[in-house]
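# Coordinate inspection notes
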Amino acid sequence: MKGPRNKDTAMRRLAAQYAVAEAVASSRDPREAAARILEGICQALDWQVAAYWEMETGTRLLSCTVFWRSPSSSSQDFEAATCRATLPAGIDLPGRVWQMRRPEWVEDVAKDSRFARAKAAAQDGLHGAFAVPVVLGDEVRGVLEFFSNRVEKADAKMLVSLAHAGVSLGLLMERTRVQEALAQSRAWMRLIVDSTAEAVFTMDLQGHCSLVNPSCLRLLRYEREGDLVGRHLHDLIHHTGADGKFHASTDCPIYEALRTGRGSHSDGEVLWRADGSCFPAEYWSLPLVEDGEVVGSVVTFFDITNRRESERKVNEAVTLKSDFVSMVAHELRSPLTAVKMSIDYVSDGSTGTLADEQRRMLDTAKRNIDRLVRLVGDVLDYQKLDIGKLEFRFKPEDLCRLIRETAEGFALMARRKGVDLRLELPDAPCAVSCDADRIVQVVTNLLSNAVKFTDKGEIRVAAVREGAFVRVAVSDQGIGMRAEDIPKLFKTFTQLPSGREAGGSGLGLALAKRIVEEHGGRLWAESTLGRGATFSFTLPGGR
């Protein structure tokens, strides 16, 4: 059976353990917990003095940050010696515990030659001592040190039992560090949210506001955060559309993130201010997810009143430009047609016989009239493409047939310049779905440019099926161009110097590229200066 002394020692150990647990649970920070642990263990064991040593910031030295002594103890000399000491690893009882990373018991420090404060301890009547490391994992964060006015025989069970005090304090230190870092992170995030120009608010799962930033208050014209926090925001800012129709919160896109966990975006709705006015807004509503669960949502929004006004003005300007260009083009087309008919009438001799010089002048005038008519047509077509009003009539066509028929019109022109126009087309039909007139317009433009810029050699037109597309290539042996000039070819009313010399509007290739893209294909150019050029385009193949 255990004797009374053993029972008393066991009770003291339990009391000390309880004191440690209570101190850790009730303290706001590690240093407060350390002070309560020192007092609680000393009172449980009837010991008189205790100290808490911490690692000094930026050094490898221990210094005393908390010193406790019982009211009945007169240990001023030892307290002074302890509070002014700084200990490296291995020196004095705290230094040895730090170095060895384990508790240590000294039966009488007054007679221990390794104890640097032995003289002060003897003067104040302190003898028995033990110390435990404050640890987290393998790292020592500090040391707890205790003293008795009696010579105390080493108690291994007591030492093992109280070692958990250092572990508990180490865990509290880490928990406090994490909490402080989390609080700092939250404060930093709040600072960012409050400083951003975007209006931001968050909602809990019930749709009640949990946070708003100053930009949100300013746009919604509320004075205080408390005017919105805790309130159901749909009922305040999103209850009615611009058309006056009521929106139920169950159908509200902003609440989509709460209902389904999916984000939503809109720039076609209005939000309502505190004064009853509304404004067009663009917003994003995204779920807040924690451990795989939706816990709320965050909404950011802008007032897009100025953007809408700018868009309105741009649309008005585009419409005005479109109307003006169409009016000018149509006004030009009628007199040009009349002039062309008059030239044809004179050229065929209806007004009398013409001299050779007169006929040449009329031919020149007719060519320029034809060029102006084509330019007017191109301007109208490009304008319609710009506003989405150019109609395309898609139907199955044989692309090779369209190329052959178009090339026939350029064969004579090429021969007159001493250029061979060669077709490399498959015998089988090249089935595509297209607007035949528009694709003929593209091929005409490419062949016209090839003939215009080629004075010798050949022009080759090839078609080949590549996967789901048919690729057409028009290659010439003309003057070519620099690689850096190629992107300029497809800009409206942009011409290279050689193009200006040969004549042209600078619109044909831009229009051809847009037509091909409307068909689901692409048009591009490859060239080397002085070695000709190849213009290629693709069209989706038909069946």
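From a predicted model like this one, the values you see are computed outputs, not experimental measurements.

A count of helices and strands for the chain gives 15 helices and 18 strands. Partitioning the intrachain contacts of the chain with sequence separation of at least 6 by distance along the chain shows that 59% fall at a separation of at least 24. Of the roughly 29,600 Å² of accessible surface on the chain, 53% is carried by carbon and sulfur atoms.

Taken together, the five strands give an open sheet; going across it, the order is S8-S7-S11-S10-S9, and neighbouring strands pair in antiparallel fashion. Both edges of this open sheet fall to strand S8 (209-212) and strand S9 (264-272), since each of them pairs with a single strand only. When strand polarity is set aside, the average angle formed by the axes of neighbouring strands in this sheet is 30 degrees.

What the five strands build is an open sheet, ordered S13-S15-S16-S18-S17; its pairing is mixed. A single partner strand is all that each edge strand has here, and the edge strands are strand S13 (420-424) and strand S17 (523-527). The sheet shows a mean angle of 15 degrees between the axes of neighbouring strands, direction not considered. With eight bridges joining them, strand S15 (residues 458-466) and strand S16 (residues 469-476) adopt antiparallel strand pairing. Each bridged residue has a counterpart across the sheet, and for Ala462 the counterpart in S16 is Ala473.

On to the pattern of salt bridges. In this structure the tally under the stated criterion is 39 salt bridges. Salt-bridge contacts for Arg177 lead to Glu174; the nearest nitrogen and oxygen are separated by 2.6 Å. Here the residue Arg177 and the residue Glu174 both occupy positions in helix H6 (residues 156-195), the gap between them amounting to three residues, near one helical turn. The partly exposed category is assigned to Arg177, whose relative accessible area is 45%. It is possible to trace a salt-bridge network through shared partners that takes in Arg96, Glu104, Asp112 and Arg114.

Let us now look at helix H15 (residues 508-518). Where burial is concerned, most of H15 is hidden: eight out of the 11 residues are buried. Listing the buried residues of H15 in full gives Gly508, Leu509, Ala510, Leu511, Ala512, Arg514, Ile515 and Val516.

Glancing now at the side chain of Arg273. Secondary-structure assignment places Arg273 in the loop between S9 and strand S10 (278-290). Arg273 has contacts with Leu219, Leu220, Arg221, Cys278, Phe279 and Asp303, leaving out every residue within four places of it along the chain.

With that settled, consider the confidence of the model for the chain. Considering every residue of the chain, the mean pLDDT works out to 86; 89% of them sit at 70 or more. Predicted confidence for residues 499-503 stays below pLDDT 50, and this span has seven contacts to residues more than four positions away or in other chains.

The next thing to look at is the packing of aromatic side chains. In the structure shown here, the tally under the stated rule is 12 aromatic pairs. A centroid spacing of 5.7 Å and a plane angle of 85 degrees characterise the contact between Trp47 and Trp105, whose relative ring orientation is edge-to-face. One end of the pair, Trp47, is in the loop between helix H2 (30-45) and strand S1 (49-55); the other, Trp105, is in strand S4 (residues 104-106), with 58 residues separating them in the sequence. For Trp47, a relative accessible area of 6% translates into the label buried. Each residue in the set Trp47, Trp105, Phe130 and Phe146 is aromatic and connected to the rest through ring pairs, giving one cluster. Across the ring face of Trp524, the terminal group of Arg522 is positioned such that the distance to the ring centre comes to 3.9 Å.

Residues Val432 and Cys434 point to one face of strand S14 (residues 431-434) and are all buried, whereas Ala431 and Ser433, pointing to the other face, are not buried. Pairing of strand S12 (residues 395-398) with S14, which is carried by four bridges, proceeds in the antiparallel orientation. Within S14, the position partnered with Lys395 by the bridge is Cys434.

This part covers unusual backbone geometry. With a phi angle near 60 degrees, Arg101 is a residue other than glycine that sits in the positive phi range. Phi at Asp291 is positive, roughly 55 degrees, even though this residue is not glycine. Positionally, Asp291 belongs in the loop between S10 and strand S11 (293-303). Residue class for Asp291 comes out exposed when judged on its relative accessible area of 78%.

What follows deals with the environment of Cys209. Its location among the elements puts Cys209 in strand S8. Spatially, the C-alpha atoms of Cys209 and Leu233 are 6.3 Å apart, while their sequence positions differ by 24 residues. If near-sequence neighbours (up to four positions away) are discounted, Cys209 is found in contact with Phe201, Thr202, Met203, Leu228, Val229, Gly230, Arg231 and Leu233.

This paragraph deals with the pairing of S16. Of all eight residues in S16, six are buried, a share of seventy percent or more. Remark: two residues form the turn of the hairpin made by S15 and S16, two consecutive strands paired antiparallel; Gly467 in that turn has positive phi of roughly 65 degrees. Across seven bridges, S16 lies against strand S18 (residues 533-540) in antiparallel orientation. The residue of S18 that forms the bridge with Val474 is Phe535.

Before going further, it helps to spend a moment on the nonpolar core. By size, the foremost hydrophobic cluster in this structure holds 44 residues, and its most contacted members are Leu399, Phe535 and Phe537. For this core, the secondary structure elements donating two or more residues are helix H12 (399-416), S14, helix H13 (436-452), S15, S16, H15, S17 and S18. Among the nonpolar cores identified, the runner-up in size contains 30 residues, and Val24, Leu45, Leu159 and Leu162 belong to it.

Our next topic: the packing of H13 against H15. Look at H13 against H15: their axes get within 9 Å of each other, and the N-to-C directions meet at 145 degrees. Pair H13 / H15 crosses with left-handed handedness. For the pair H13 and H15, contact is made by Arg438, Gln441, Val442, Asn445, Leu446 and Asn449 and by Gly508, Leu509, Leu511, Ala512, Ile515 and Val516, respectively.

Axis separation between H12 and H13 bottoms out at 10 Å; the angle between their running directions is 35 degrees. You can see that H12 and H13 cross each other, and the crossing is right-handed. Of the residues in H13, those touching H12 at Leu399, Leu402, Ile403, Thr406, Ala407, Phe410, Met413 and Ala414 are Ala436, Ile439, Val440, Val443, Thr444, Leu447, Ser448 and Val451.

Rules behind the numbers
- Residues numbered from 1 in each chain as written.
- Predicted model: local features only at pLDDT ≥ 70, side-chain atom pairs only at ≥ 80, totals over all residues.
- Heavy atoms only, no water.
- Helix = DSSP H or I, 4+ residues; strand = E, 2+ residues; numbered from the N terminus.
- Contact = heavy atoms within 4.5 Å.
- Areas by Shrake-Rupley, 256 points an atom, 1.4 Å probe, with all protein chains shown as cover.
- Pairing = 2+ DSSP bridges.
- Axes fitted to C-alpha atoms, helices over the stretch in contact; angles between N-to-C directions.
- Salt bridge = Lys/Arg side-chain N within 4 Å of Asp/Glu carboxyl O.
- Buried < 20%, exposed > 50% of the residue type's maximum accessible area, 1.4 Å probe, protein only.
- pLDDT = per-residue confidence, 0-100.
- Phe/Tyr/Trp six-rings, centres within 6.5 Å; stacked < 30°, edge-to-face > 60°.
- Lys NZ or Arg CZ within 6 Å of the ring centre and 35° of its normal.
- Core = buried A, V, L, I, M, F, W, Y, C linked by side-chain atoms within 4.5 Å.
- Left-handed = near helix turned anticlockwise from the far one by under 90°.

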